[in-house]
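Chains, contacts and geometry: an overview
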Amino acid sequence: MITPYDPQAVERDAQQYWQDNDSFKAPDNPGSDAFYCLSMFPYPSGRLHMGHVRTYTLGDVIARYQRLKGHSVLHPMGWDAFGLPAENAAIKNNIPPANWTYSNIDYMRGQMQSLGFGFDWSREFATCDPDYYRWEQWFFLRLYEKGLVERRSAIVNWDPVDQTVLANEQVENGRGWRSGAVVERREMQQWFLKITDYADELLDQLDEMPGWPDSVKNMQRNWIGRSHGLEIDFAVAGRDESITVYTTRPDTLLGATYVAVAAQHPLALAAAEHNPELGAFIERCANVKTAEADLATLPKEGMALGVEVEHPLTGRRLPVWTANFVLMDYGSGAVMSVPAHDQRDWEFAREYGLPIEQVIAPADDAPIDLDAEAFVARGITVNSPGFDGLEFQAAFDVIADALEAGGRGRRRTNYRLRDWGVSRQRYWGCPIPMIHCDHCGVVPVPTSDLPVVLPTEVSFEGVRSPLHDMPEWLQVPCPVCGRMARRETDTFDTFMESSWYANKFTSPGANAMLDDRVNLWAPVNHYVGGIEHAILHLLYARFYHKLLRDEGLVASDEPFERLLMLGMVLRNGRKMSKKDGDAGDPQMLIDRYGADAVRQAMMFAAPPEQSVEWAEGGLESASRFLRRIWRGVEDHLAAGEVPALDVAALSDAGLELRRKTHETIGRADDDYGRRVQFNTVVAAGMELANTIAKTPDEGADRAAVREAWNALALVLSPITPHVCHALWQALGHSEPMVDAAWPAVDDAALERSTIELVVQVNGKLRARIDMAADADETAAREAALADENVQRFVADKSLRKAIYVPGKLVNLVVG
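Residues numbered from 1 in each chain as written. Predicted model: local features only at pLDDT ≥ 70, side-chain atom pairs only at ≥ 80, totals over all residues. Heavy atoms only, no water.

**Some thoughts on the overall build of the protein chain**
Keep this limit in mind: Every helix listed is a DSSP run of H or I at least four residues long, and every strand listed is a run of E at least two residues long, numbered separately from the N terminus. Only protein chains enter the accessibility calculation, which uses a 1.4 Å probe; a residue whose area is less than 20% of its type maximum is buried, one above 50% is exposed, and one in between is partly exposed. Should any heavy atoms of two residues lie within 4.5 Å, those residues are considered in contact. Methods summary: accessible areas were calculated by the Shrake-Rupley approach with a probe of 1.4 Å, and residue burial reflects only the protein chains presented. Here Asp and Glu are counted as negative and Lys and Arg as positive; His is not counted, and neither are the chain ends. Just so you know, the charge point we use is NZ for Lys, CZ for Arg, CG for Asp and CD for Glu.
Tallying secondary structure elements over the protein chain gives 26 helices and 32 strands in all. Oriented by its inertia axes, the alpha-carbon framework of the protein chain measures out at about 105 × 80 × 45 Å. Scored against the burial criterion, the 815 residues of the protein chain give a buried share of 54%. For the protein chain, long-range pairs separated by at least 24 residues make up 72% of all intrachain contacts whose partners lie at least 6 apart in sequence. A total of about 34,500 Å² of accessible surface is found on the protein chain, and carbon and sulfur atoms cover 47% of it. Across the protein chain, the mean location of the 81 positive side-chain charges is 2 Å away from that of the 117 negative side-chain charges.

**Remarks on the environment of Val 758**
Looking at the element boundaries, Val 758 is found in strand 29 (residues 754-761). Expressed as a C-alpha distance, the spacing of Val 758 and Arg 768, which sit ten residues apart in the sequence, is 4.7 Å. Once you skip the residues sitting within four places of it in the chain, Val 758 turns out to touch Leu 765, Ala 767, Arg 768, Lys 808, Leu 809 and Val 810.

**Considering the state of the cysteines**
In plain terms, the rule: Two cysteine sulfurs form a disulfide in these notes if their separation is within 2.5 Å.
A full pass over the atoms with the stated rule returns zero disulfides. You can see Cys 437 has no disulfide; the closest cysteine sulfur is in Cys 481, sitting 3.7 Å from it. Looking at Cys 478, it has no disulfide partner, and the nearest cysteine sulfur is the one in Cys 437, 3.7 Å off.

**Structural notes on the sheet that holds strand 2 (residues 72-74)**
Keep this limit in mind: Should DSSP find at least two bridges between two strands, the strands are taken to pair. Structural elements are reduced to axes, namely lines fitted to C-alpha atoms, with helices fitted over the stretch in contact, and the angle between N-to-C directions of any two is expressed from 0 to 180 degrees.
Strand order across the open sheet formed by four strands is 2-1-24-25, with parallel pairing between neighbours. The sheet terminates laterally at strand 2 and strand 25 (560-566), the two strands that pair on one side only. Within the sheet, the average angular offset between the axes of one strand and its neighbour, ignoring direction, is 20 degrees. The pairing of strand 24 (residues 524-530) with strand 25 spans six bridges and is classified as parallel. Bridge pairing links Gly 529 to Met 565 in strand 25. Most of the contacts of helix 17 (residues 536-550) go to strand 25, to which it runs at about 175 degrees, and overall it touches strand 24 and strand 25.

**Re the packing of helix 18 (residues 586-593) against helix 20 (residues 617-638)**
To be explicit about the condition: Note on convention: the crossing is left-handed when the near helix lies turned anticlockwise from the far helix by less than a right angle, right-handed when the turn is clockwise. Note that Gly is not counted as nonpolar here; it falls among the polar residues with everything else outside the nonpolar set of Ala, Val, Leu, Ile, Met, Phe, Trp, Tyr, Cys and Pro and the charged set of Asp, Glu, Lys and Arg.
In the contact formed by helix 18 and helix 20, the axes pass within 11 Å of each other and the chain directions differ by 30 degrees. The crossing of helix 18 and helix 20 is right-handed. Across the interface between the two elements, Leu 589, Arg 592 and Tyr 593 from helix 18 touch Leu 619, Glu 620 and Ser 623 from helix 20. When grouped by side-chain class, the residues that make up the contact of helix 18 with helix 20 number three nonpolar, one polar and two charged.

**Quick word on the pairing of strand 9 (residues 242-247)**
Only one face of strand 9 is covered, namely the one carrying Ile 243, Val 245 and Thr 247; the face carrying Ser 242, Thr 244 and Tyr 246 has none of its residues buried. Where strand 8 (residues 227-236) meets strand 9, six bridges bridge the pair, whose relative direction is antiparallel. From the neighbouring strand, Ile 232 faces strand 9, where its bridge partner is Val 245.

**Overview of the environment of Ile 531**
You can see Ile 531 is positioned in the loop between strand 24 and helix 17. Given a relative accessible area of 30%, Ile 531 falls into the partly exposed group. Spatially, the C-alpha atoms of Ile 531 and Arg 542 are 16 Å apart, while their sequence positions differ by eleven residues. If near-sequence neighbours (up to four positions away) are discounted, Ile 531 is found in contact with Val 216, Met 565 and Leu 566.

**Concerning the nonpolar core**
Quick reminder of the rule: By nonpolar core is meant a set of buried Ala, Val, Leu, Ile, Met, Phe, Trp, Tyr and Cys residues that side-chain atoms within 4.5 Å join together.
Core analysis: the largest hydrophobic core is formed by 174 residues, its most contacted members being Phe 140 and Trp 420. Looking at this core, the element that brings in the most residues is helix 23 (residues 701-716), giving ten residues. Listed in part, the 40 residues of the second largest apolar core include Val 245, Leu 254, Val 261 and Phe 387.

**Considering the packing of aromatic side chains**
Stated precisely, the cut-off is as follows: For this analysis, a ring pair means two rings from Phe, Tyr or Trp (six-membered ring only for Trp) whose centres lie within 6.5 Å, classed as stacked if their planes differ by under 30 degrees, edge-to-face if by over 60, and tilted for the remaining angles. Two conditions define a charge located above a ring, namely a distance within 6 Å from the ring centre to NZ of Lys or CZ of Arg, and an angle within 35 degrees of the ring normal.
Considering all chains together, one arrives at 36 aromatic pairs under this definition. Between the aromatic rings of Trp 135 and Trp 138, the centroid separation amounts to 6.0 Å while the plane-to-plane angle is 75 degrees, which identifies the pairing as edge-to-face. In this pair, Trp 135 and Trp 138 are both assigned in helix 5 (residues 130-145), three residues apart and thus about one turn of the helix distant. Relative accessible area serves as the criterion here: at 10%, Trp 135 is assigned to the buried category. Assessed through its relative accessible area of 22%, Trp 138 is described here as partly exposed. Taken together, the aromatic side chains of Phe 41, Phe 125, Tyr 132, Trp 500, Tyr 501 and Phe 505 make up a single cluster linked through ring pairs. Above the plane of the ring of Phe 392 lies Arg 378, whose end atom (NZ or CZ) is 3.7 Å from the centre.

**Details of helix 18**
Using the following cut-off: Here, the arc refers to the directions that run from the helix axis to the C-beta atoms.
Along helix 18, the positions that sit buried rather than exposed are Pro 586, Gln 587, Leu 589, Ile 590 and Tyr 593. Down the axis of helix 18, the buried side of the element spans an arc of 160 degrees, and every buried residue falls inside it. Where helix 18 is buried, its residues contact helix 1 (7-20), helix 2 (50-68), helix 4 (97-114), helix 19 (595-605) and helix 20. Looking at the residues trailing helix 18, positive phi occurs at Gly 594, about 100 degrees.

**Here we look at empty space enclosed by the protein**
How we decide: The rule is simple: put a 1 Å grid over the protein atoms alone, call a set of points where a 1.4 Å probe fits but cannot get out a cavity, call an open set with protein on both sides within 12 Å along at least five of seven lines a pocket, and count a residue as lining if it has an atom within 4 Å of a point. Grid points are joined across faces, edges and corners, and a volume is the space filled by probe spheres set on the points.
What the rule picks out here adds up to three cavities of 30 Å³ or more. When its volume is computed, the largest cavity comes out at roughly 200 Å³. Forming the boundary of the largest cavity are 22 residues, of which Gly 83, Leu 84, Arg 424, Asp 493 and Thr 494 lie nearest the centre. Elements with a contribution of two residues or more to the lining of the largest cavity: helix 3 (84-93), strand 4 (164-166) and strand 23 (491-492). In terms of residue count, the dominant contributor to the lining of the largest cavity is strand 4 (three residues). Taken together, the residues of the lining of the largest cavity break down into seven nonpolar, eight polar and seven charged.

**Quick word on the sheet that holds strand 20 (residues 441-444)**
If you trace the four strands from one edge of the open sheet to the other, you get 20-19-22-21, paired in antiparallel fashion. The open sheet is flanked by strand 20 and strand 21 (475-477), the only strands paired with a single partner. Each strand axis lies, on average, 40 degrees off the axis of its neighbour in the sheet, ignoring direction. Both strand 19 (residues 434-437) and strand 22 (residues 484-487) contribute to a ladder of two bridges, which runs antiparallel. When the sheet's bridge partners are listed, Ile 435 is paired in strand 22 with Arg 487.

**Side note on the environment of Leu 812**
Following the sequence through the fold, Leu 812 ends up in strand 32 (residues 809-814). Given the relative accessible area of 0%, Leu 812 is considered buried. Considering only alpha carbons, one finds Leu 812 and Asn 104, 708 residues apart in sequence, at a separation of 70 Å. Not counting residues up to four positions away in its chain, the partners in contact with Leu 812 are Val 759, Gln 760, Val 761, Asn 762, Arg 781, Ala 784, Leu 785, Val 790, Leu 799, Lys 801 and Ala 802.

**What to know about the side chain of Asp 787**
Rule in force here: Between Lys or Arg on one side and Asp or Glu on the other, a salt bridge is scored when a side-chain nitrogen of the former is within 4 Å of a carboxyl oxygen of the latter.
Residue position: Asp 787 is located in the loop between helix 25 (777-786) and helix 26 (788-794). Buried within the structure, Asp 787 lacks any salt-bridge partner; Arg 792 is the closest side chain of opposite charge, at an N-O distance of 8.3 Å. Contact partners of Asp 787, with chain neighbours within four places excluded, come to Ala 767 and Ile 769.

Rendered as structure tokens:
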């Protein structure tokens, strides 16, 4: 052994051994014991931060534990390499994004290796490699042939800083998810994948995913937002046309006092042709620079169109207004407005003096004040001739039947989910393999011409994509007519790359998108990442996996069996951020304390799903603990030969150490496997180390001490692999720790010869006594009464009864 403990030397030796022996190279044919562990791959931003350390240590712990349990483990790493940060950095530093990206990859790979992560680096790839994204282009063309790709004009979320379209999921509180800029609404031609075709399956299959946290499943349920309601037709008075609205509250239909349409609704645009004031209002609405999430909080504005519609049940005429809170790209661009029972409609009605008519009353007859706010809860129908006195579902069914019978409505299921807009107006991304021809329209690139390679030697003028200024790349013959045409300059949303990378790791070197090896490994058994990806990445990955399945490329329905969602790493109560300069530099900590101390401190700080308030004080404690067990093994080895284990010859201390050893093995096995709580593994290891230190390392008990040191090294090895690799060798094992097997629990060792009983008098703790483990109630009561301290509280009183909980306590009730 190295003396004294030198973490840098120990870690260098262990990492060299793993590298020389390809210790973490996964087999191509793993068999039935395959286990695929994957952590969400990083963006190569230049430096790891403490959030990365937490994520990848947790994944590494899981992978190493599963290997000890006898599984063939696939634990790969790659790089989510396209995207705006590289492009923005390139613009700032006047270097091509490819150069910046690959330089960062090299540095970050070295940092990961210094932390001892057991990745199969032979499967490494970056998503900006043409060998990777060519298959993404190929698959996009397959989806295009199947009608699952569409190019259409749409109102989109425009990030004015990053100068690109964002998907709805990439807008957070009205701001761009990366830039933080207030998002604008624009109409543009965009490419979409029809994720809505899979809405029901994406939603329903959540009920069959026990390995996912309920919080994540609920977030996805809410985002998909399936609702059951009615489409209702309001005939435009005096015209042969109607306005269709969708509502989940048909029980309030008799309370509709006006209909509101979006500024871009055809009815509003037609009315504006003869009303300049209305035209100016519509223009003002079109230029509002805000996102859908913020519209609910804007002051309510609108104008009457001078048009009326007929109520589908009563024939009553209702005015039509255009309103700034109605969006054209959601539903039909029209809503029935029930001010008494919708707060948004109530605010608009109050602003413009429109009627507010109650048609729902609380089921418990509680008073409501419609002068103060709308009553939005479900209740009982009132003031609804022919439908009074009905609770929600009964009213829904009766009104739906009446509308369907009259041809004025129909039951419909709607979704909040919208198709995935996958085109981005920036350079550093996968080229979309389409060609624009003035004669043939938009046509696909022939698969024989794939990949469409993104030029990497580029220079920027502002944020404009340099692809527009590269005629040698941009201009290309049309595959149909042969005339000169131009390539699509939009690139894919980077979530396209991250939606299928997990499957690509299973098929390294394949001359296809995926090969048969994918079904030997997929789906991922345990996936690790941050809770912030609960919708953005995970929903897209689920959708993409189903597309791959339906193309016959994978056999499973879902990409990830079990999900470990991590809390954030905080400093001073807020998320650590590289942008703010407080994300922590793990390299400095590794150089000072060693990788094992960094790993242990992070795992001990909190359970994985909780946020971590990071402080470096935990590193000092971890370093002291590792030095302590190193010295303990040194002292044990210096004491000479160890006899064979003879349980009958062990002292009480030796038996207690064996009990603690096997208790620790069982507890850690449960914590690693079922509970996924690694902080408690560290705590159990510390307790075992304390028990070893209290046990005399002599005579027959030396065998129990050796067994305990072996167990401690194995139990801690997923968390602190370098020091445990060295200790395992020092303890005399010929096979390396990475090839060891998880130890079995000896149930006989767990049996106690004595137990500690709590003694209470009238429910208050008065003593703790040691008893034979097989003592009966009578012996326990007599021992309790004989305790000197207990005597002080029972001596002058009569014993009314004794309550005995076997193995735990005796409660003496006296009076």
